[in-house]
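Examining the three-dimensional arrangement
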Amino acid sequence: MPLNMFSKVEEIKGVGPKTREIMEKSGITTVRDLLYYLPRTYENFTNTTSLSEIKPGKVVVRGKISDLHIVRSKRKNFTITEGVIRDNTDAIRVVWFNQPYRVKQFDSKKDYYFTGDYTYSHGRYQLTAPRAELAPDTEKQVTESGSFKPIYSVKGSFKSENFKKIFETLRPDFATIPDLLPESESSPDFVKPGARADALFKAHFAEDDKEVKEARNYLAYEELFELILAANLNKKENQKLRAPIIPFEAEKIKQVVEKLPFELTNAQRKACFEIFKDLEKNLPMNRLLQGDVGSGKTAVAALAAYSAIIAGYQVAFLAPTAILATQHAESLNDLLAPLGISVALLTGGMKQKKALKQRIKDGGVDLVVGTHALITDDTEFDRLALCIIDEQHRFGVKQRQQLLAKTVQKSMNDGLDDSNPTINQKPLAPHLLMMTATPIPRSLQLAIFGDLDVSVLDELPKGRQPVETKIIKELEFTDELYPKVREYLASGQQVYWICRNIEENTRSETVSVKKQTEKLKKVFKDHNVTFLHGRMKPEEKDKIMSEFANGKIDILVSTTVVEVGVNVPNANLMVIMDADGYGLAQLHQLRGRVGRGKNSAICYLVSPNDIEPARRLKILEKSNDGFYLAEADLKLRGPGEIYGSLQHGVMSLQFASLTNTRLISAASAEAKKAADEFSKTPELLEKYPELSFSIKKYQQLTTLN
Ligand code: ADP
Ligand code: MG
């Protein structure tokens, strides 16, 4: 009997109600979930370092421990356990924190393996909080007793050892794990019958690094295959919907473009053209407009909106925050109101919302600007044909359905096609344009956005100067920073001052918005220094932001609420306190708030007085190019980091590294073929229950239908 991947964990021998409960809390409910709960790392006792050759970093040493004692710390409820580890070459210091039991744990005559970080701290080297494991007596036994050990992350009271025990129980069943991927002649060699069972077995019972690598390679491929297959099937799903046809009125668009206060960049023209082409079809557009900060995405969106509106439709424009929605409403109104288009702002806190909603429903408003909440609330449209979503590159299945519900299908003739009667049966859906400033390396676009068409603004408007970027220490404020700030203020320009925290916080030494504001009020007495943070009421935030935009505030001390999208071209100096604490992508976004006009701009990254600045700060000093920085970030920290915070965990790959372009292209070639097969013969997918399960899971996250 093959192992039933969907059966519940409690059906495994030795898993009782308590274990089940702990596992459920960490998202493990089925056998499948459990098998894919892979070791966090492996202890490798075959490669121990002798103490005379030890270097700082991760180490495994073998030795005897002595002189164990507890040192009382000055801090309450905090203990340090110290000792000495010796082998026949040398001795080192070892410490554990808040683990007083360690004093009694060891037999001073026996050898143990210690795995941990050898670090320099408080003036000396030490092995800090290592894991310890009794070593077998002879070298022969080392290999027999498993010198290569999986370590699982702790889940609640469930330790690595508990996981090991369960997998030991399951060991004989691993061979019966069913295959998951469809095979074709062109599949990579490692996709063959039994490959999955083999990979999972190796992941849990690896005997060396090579096996771990093989296991992970297969599992990464499987993961990418599922993701890309889901994306491709999404694309096909999207084709089951019908969208209103928005004809491209070249003359009218040209007239508007000529009236713009600037000349469009070539990249903007190209993106507009790609969008107009999509809008002319009776299939819903599903396009991502990607452009570095300041590349002018709003103008492109405005032209797309204009095109839909002159065709008689309504457009929704969604921004991530109320501040941004307000700003967008203003700038879109500036652009479009002179053309006779009515623009309305709809945010949570506003008065007379009911009346406005009625007008939207009656079709009295052409363009509605609001926060993302606009699609989840009860706002109804008369003839919604285009939805523009700023600073979000994923739109879940639920959101799309909510949009569908808003498209009152009053005009059933929209998008009808006389020559193609089948299309006339399809449900009517609006076109979607998503915009993001997150630079996604080209190597990743296919993997992440296989279901989207992408337009890229890879060119900044003419005359834009790169933002000069400088790392600075607080010690240099008086001599260097303050004079520079005075210079900018004297020329009538404004300043952003970014701090991590809102208030002083005992646990961290970072500067708070409130403290910094008090300080700057003293330093720049004749200027208006005001603070802004995310916990203020929306109306209050809007008021401060518009005062800043109108030049009434000189220095805006703020948390990262100004990070996305805010556009105040007169603000050209930015100071980022505790810059070491932010990721590269986030710093680039923040920096993108300055240098949005014709004036030269400067950004100071404040790094602590006594330490070497982080490498990413130095990279930022050198480059303003979002794509270059994204690649650099990918190398420095891996993809999870870049996208983690920006995508709110929407896109978390467990095994695959998005830097592995070879594996991505192999998986995507195969997944595309499979998508064709499955959409031709949907029953075929029933033969792959796990694959359909994963596809549904990914579609929840990534689909646009
Ligand atoms: P982002 O892509 O970051 O959303 P915006 O759309 O906010 O950028 O544009 C940034 C600034 O550049 C705005 O002040 C906008 O008016 C201006 N801008 C947009 N396109 C051009 C252009 N082609 N030439 C000059 N300035 C432009
Ligand atoms: Mg923007």
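Structural notes, computed from the coordinates. Just so you know, these numbers come straight off a predicted model, no measurement behind them.

**What to know about the overall build of the protein**
- Secondary structure assignment for the protein yields 23 helices and 20 strands.
- Among the 705 residues that make up the protein, the fraction classed as buried is 52%.
- Of all intrachain contacts in the protein linking residues separated by at least 6 positions in sequence, the fraction that spans at least 24 positions is 73%.
- By element, 50% of the accessible surface of the protein is carried by carbon and sulfur atoms, the whole surface being about 33,800 Å².

**Considerations on the sheet that holds strand 6 (residues 124–134)**
- Taking strand neighbours around the barrel as the criterion, the five strands line up as 2-3-4-6-5 in a closed arrangement whose pairing is mixed. Pairwise comparison of adjacent strand axes, ignoring direction, gives a mean angle of 50 degrees for this sheet.
- Where strand 2 (residues 57–72) and strand 5 (residues 112–121) come together, seven bridges link them in antiparallel fashion. Bridge pairing in strand 5 links Val61 to Phe114.

**Some words on the site of ligand 1**
- Around ligand 1, the structure places 16 residues, and the nearest of them are Glu263, Gly294, Lys297, Thr298 and Arg464.
- Contact distances for ligand 1 include 2.8 Å between a nitrogen atom and a backbone N or O atom of Glu263.
- When its residues are assigned to classes, the shell around ligand 1 shows four nonpolar, seven polar and five charged.

**Some thoughts on the pairing of strand 8 (residues 286–291)**
- In terms of burial, strand 8 is largely enclosed, as six of its six residues are buried.
- Neither face of strand 8 is exposed, since Asn286, Leu288 and Gln290 on one face and Arg287, Leu289 and Gly291 on the opposite face are all buried.
- Note: strand 8 against strand 13 (residues 431–436), five bridges, orientation parallel. Directly across from Asn286, in strand 13, lies its bridge partner Leu432.

**Some points on the sheet that holds strand 11 (residues 367–371)**
- The strand order 10-11-9-12-13-8-14 describes an open sheet built from seven strands, whose pairing is parallel. Each edge of the sheet is formed by a strand with only one pairing partner; in this case those strands are strand 10 (343–346) and strand 14 (453–457). On average, each strand axis in the sheet is inclined to that of its neighbour by 20 degrees, with strand direction left out of account.
- In the sheet, strand 10 pairs with strand 11 via four bridges, with the strands oriented parallel. Within strand 11, the residue paired with Leu345 across the bridge is Val369.
- Contacts from helix 12 (residues 353–362) reach strand 9 (314–319), strand 10 and strand 11 within the one sheet, and its direction differs from that of strand 10 by about 135 degrees.

**Quick notes on the side chain of Gln268**
- Within the fold, Gln268 resides in helix 9 (residues 266–279).
- Classification of Gln268 by relative accessible area gives buried; the value is 2%.
- Ignoring any residue separated from it by four or fewer positions in sequence, one finds Gln268 in contact with Ser295, Gly296, Ala299, Val300 and Leu457.

**A few points about the pairing of strand 6**
- Here two bridges tie strand 4 (residues 91–97) to strand 6, and the two strands are oriented parallel to one another. Within strand 6, the residue paired with Val95 across the bridge is Thr128.
- Across nine bridges, strand 5 lies against strand 6 in antiparallel orientation. The residue of strand 6 that forms the bridge with Ser121 is Arg124.

**Observations concerning the nonpolar core**
- By size, the foremost hydrophobic cluster in this structure holds 75 residues, and its most contacted members are Leu367, Ile388, Tyr496, Met545, Ile576 and Leu605.
- In terms of residue count, helix 10 (residues 297–310) provides more of this core than any other element does, nine residues in total.
- Both domains that meet at this core, namely domain 2 (212–462 + 645–705) and domain 3 (468–623), each give it at least three residues.
- Membership of the second largest hydrophobic core comes to 60 residues, among which are Val191, Ala199, Ala206 and Leu691.

**Focus: the pattern of salt bridges**
- By the definition in use, this model includes 31 salt bridges.
- Ionic pairing is found between Asp107 and Lys110, a salt bridge with its closest N-O pair at 4.0 Å.
- Asp107 gets classed as partly exposed once you look at its relative accessible area, which sits at 31%.
- Between Lys543 and Glu547 there is a salt bridge; the shortest N-O distance is 3.6 Å. Of this pair, Lys543 and Glu547 both sit in helix 17 (residues 538–549), four residues apart, which is roughly one turn of that helix.
- Taken together, the shared-partner salt bridges connect Arg32, Arg196, Glu222, Glu226 and Glu690 into one network.

**Digging into unusual backbone geometry**
- The backbone of Asp67 shows a phi angle near 55 degrees, a positive value even though the residue is not glycine.
- For Asp67, a relative accessible area of 45% translates into the label partly exposed.
- Even without glycine at this site, Asn98 takes up a positive phi of about 50 degrees.
- With respect to the helices and strands, the residue Asn98 is situated in the loop between strand 4 and helix 3 (102–105).
- Given the relative accessible area of 41%, Asn98 is considered partly exposed.

**Structural notes on the packing of helix 7 (residues 209–238) against helix 22 (residues 661–680)**
- With their axes 8 Å apart at the nearest point, helix 7 and helix 22 run at an angle of 45 degrees to one another. As the angle between them shows, helix 7 and helix 22 are arranged oblique. In this structure, the crossing between helix 7 and helix 22 has a hand that is right-handed.
- Its residues placed into classes, the contact of helix 7 with helix 22 shows 15 nonpolar, four polar and four charged.

**Looking at the packing of helix 11 (residues 322–336) against helix 17**
- Where helix 11 meets helix 17, the axes come as close as 9 Å, and the angle between the chain directions of the two elements is 45 degrees. Taken as axis vectors, helix 11 and helix 17 run oblique relative to one another. Handedness of the crossing formed by helix 11 with helix 17: right-handed. On helix 17, the residues that touch Ala322, Ile323, Thr326 and Gln327 of helix 11 are Lys541, Asp542, Met545 and Ala549.
- By residue class, the composition of the contact of helix 11 with helix 17 is four nonpolar, two polar and two charged.

Reading guide: rules and limits
- Residues numbered from 1 in each chain as written.
- Chains lettered and ligands numbered in written order.
- Predicted model: local features only at pLDDT ≥ 70, side-chain atom pairs only at ≥ 80, totals over all residues.
- Heavy atoms only, no water.
- Helix = DSSP H or I, 4+ residues; strand = E, 2+ residues; numbered from the N terminus.
- Buried < 20%, exposed > 50% of the residue type's maximum accessible area, 1.4 Å probe, protein only.
- Contact = heavy atoms within 4.5 Å.
- Areas by Shrake-Rupley, 256 points an atom, 1.4 Å probe, with all protein chains shown as cover.
- Pairing = 2+ DSSP bridges.
- Axes fitted to C-alpha atoms, helices over the stretch in contact; angles between N-to-C directions.
- Near = heavy atom within 4 Å.
- Polar contact = N/O pair within 3.5 Å; in protein donor to acceptor, adjacent residues only side chain to side chain.
- Nonpolar A, V, L, I, M, F, W, Y, C, P; charged D, E, K, R; others polar.
- Core = buried A, V, L, I, M, F, W, Y, C linked by side-chain atoms within 4.5 Å.
- Domains from an automatic or database assignment.
- Salt bridge = Lys/Arg side-chain N within 4 Å of Asp/Glu carboxyl O.
- Parallel < 35°, antiparallel > 145°, perpendicular 65-115°, else oblique.
- Left-handed = near helix turned anticlockwise from the far one by under 90°.

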